[in-house]
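Examining the three-dimensional arrangement
In case you want the letters, here they are:
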Amino acid sequence: MTPIRLVHLYPDLMSVYGDRGNVLTLMRRAEWRNIPLVVTELSVGDTLDPSDVDLVFFGGGQDREQSVVSPDFLAQKAAAVCQAVEDGAAVLSVCGGYQLLGASYTTVDGQELPGGGLFDVRSVPGPRRHIGNVLVETTLGGQPRTLIGFENHSGRTYLGTDVRPLGRVVVGAGNNGEDGTEGAVYRGAIGCYLHGSLLPKNPWLADRLLTQALAHRLGEPVTLEPLDDTLEEDAHTAVATRIRAPRGRVRSGAW
Ligand code: GLN
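This is a predicted model, so every value here is computed, not measured.

A word on the sheet that holds strand E4 (residues 90-94). Here six strands make up an open sheet; going across it, the order is E2-E1-E3-E4-E12-E11 and the pairing mixed. Only two strands of the sheet have a single partner each, and these edge strands are strand E2 (37-42) and strand E11 (184-186). Adjacent strand axes in the sheet meet at a mean angle of 15°, parallel and antiparallel pairs treated alike. Note: strand E1 (residues 4-9) against E2, six bridges, orientation parallel. Its bridge partner being in E2, arginine 5 is matched across the sheet by valine 38.

Okay, here's the thing in structure tokens:
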């Protein structure tokens, strides 16, 4: 079978709080189904051909890394990512990567970094850092589900009219700590503030990305073989319960 082509952007500069675990999860869930998947790591100086990619992962990083990555991303890769998404490819971007896929990100020092423009969002510095576990309700994929993750950002992201939020925060700050939204969705592209790693504890999202990527690769709709996600679901439920519990009421040692 022709392999899914996963491009991991700037793994050397933009990968914090377990972001790489998302790539490992995608690799493993494809392998468990005997679906070949190849990972190409691209960094500063590398170019991206939009016809060579089915799935993009762009992780988080701090302002310093983002200011290094931003000019290279705009010059060498952003247009290709946007074109690939228009052609049906999938994207998962987290925090710093999500911010750089918006219209712009302004650093804490006031430097405005132009973004790739995939998402109609703008990110600006905020007065405080949002750090902690996040619980999000989403209907992405049709049915109500929860996503759990960990956020650590001072940037606040505001959605424009050409993008919809990934979900609504139940616990945590999400996009900006004000309007209750978290993340952004445009076609097969997802941006979010959820580190963690995100995908091991939210396996349906990993499968959504793989389904999109495989359909793009094969040029026809696909349905993935289900996996036994008992362990992953138990992990999700345990963490969601813990996040929802009011402070001080979490039983120590229960998880
Ligand atoms: N530098 C960005 C912020 O603090 C992104 C941080 C991150 O990727 N965790 O908002």
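As a further point, take unusual backbone geometry. With an omega dihedral of 10°, the bond running from glycine 196 to serine 197 counts as a cis peptide bond. For serine 197, the location among the structural elements is in the loop between strand E12 (189-192) and helix H5 (203-218). With a phi close to 60°, asparagine 34 is a non-glycine residue in the positive phi region. Along the polypeptide, asparagine 34 turns up in the loop between helix H1 (20-31) and E2. For asparagine 34, a relative accessible area of 67% puts it in the exposed group. At arginine 187, a residue that is not glycine, the phi angle is positive and equals roughly 50°. Looking at the element boundaries, arginine 187 is found in the loop between E11 and E12.

In the vicinity of the ligand, 16 residues are found, and the nearest of them are Asp63, Gln66, Cys95, Asn152 and Gly155. In this structure, a nitrogen atom belonging to the ligand sits 2.6 Å away from a side-chain N or O atom of aspartate 63. Here an oxygen atom of the ligand and a side-chain polar atom of arginine 129 are 3.3 Å apart. Protein coverage of the free-state accessible area of the ligand, which is 300 Å², stands at 100%. Taken together, the elements giving at least two residues each to the shell around the ligand come down to helix H2 (63-76), helix H4 (96-100) and strand E8 (145-159). It is E8 that contributes the most residues to the shell around the ligand, four residues altogether.

A word on the pattern of salt bridges. Inspection of every chain in the model, using the stated rule, returns eleven salt bridges. With a closest N to O distance of 3.3 Å, glutamate 41 and arginine 20 form a salt bridge. Of this pair, glutamate 41 sits in strand E2 while arginine 20 sits in helix H1, and the two are 21 residues apart along the sequence. Owing to a relative accessible area of 45%, glutamate 41 belongs among the partly exposed residues under this scheme. Two residues, arginine 187 and glutamate 86, come together in a salt bridge whose shortest N-O distance is 3.9 Å.

Counted at 1.5 Å a residue, the expected span for helix H6 (residues 230-244) with its 15 residues is 21 Å, and the 21 Å between its end C-alpha atoms agrees. The set of residues buried in H6 consists of Glu232, His236, Ala238, Ala240 and Ile243. On its buried side, H6 packs onto H1, strand E7 (121-138), E8, strand E9 (167-171) and H5.

About the criteria used
Residues numbered from 1 in each chain as written. Predicted model: local features only at pLDDT ≥ 70, side-chain atom pairs only at ≥ 80, totals over all residues. Heavy atoms only, no water. Pairing = 2+ DSSP bridges. Helix = DSSP H or I, 4+ residues; strand = E, 2+ residues; numbered from the N terminus. Axes fitted to C-alpha atoms, helices over the stretch in contact; angles between N-to-C directions. Buried < 20%, exposed > 50% of the residue type's maximum accessible area, 1.4 Å probe, protein only. Near = heavy atom within 4 Å. Polar contact = N/O pair within 3.5 Å; in protein donor to acceptor, adjacent residues only side chain to side chain. Areas by Shrake-Rupley, 256 points an atom, 1.4 Å probe, with all protein chains shown as cover. Salt bridge = Lys/Arg side-chain N within 4 Å of Asp/Glu carboxyl O. Expected span 1.5 Å × (residues − 1). Contact = heavy atoms within 4.5 Å.

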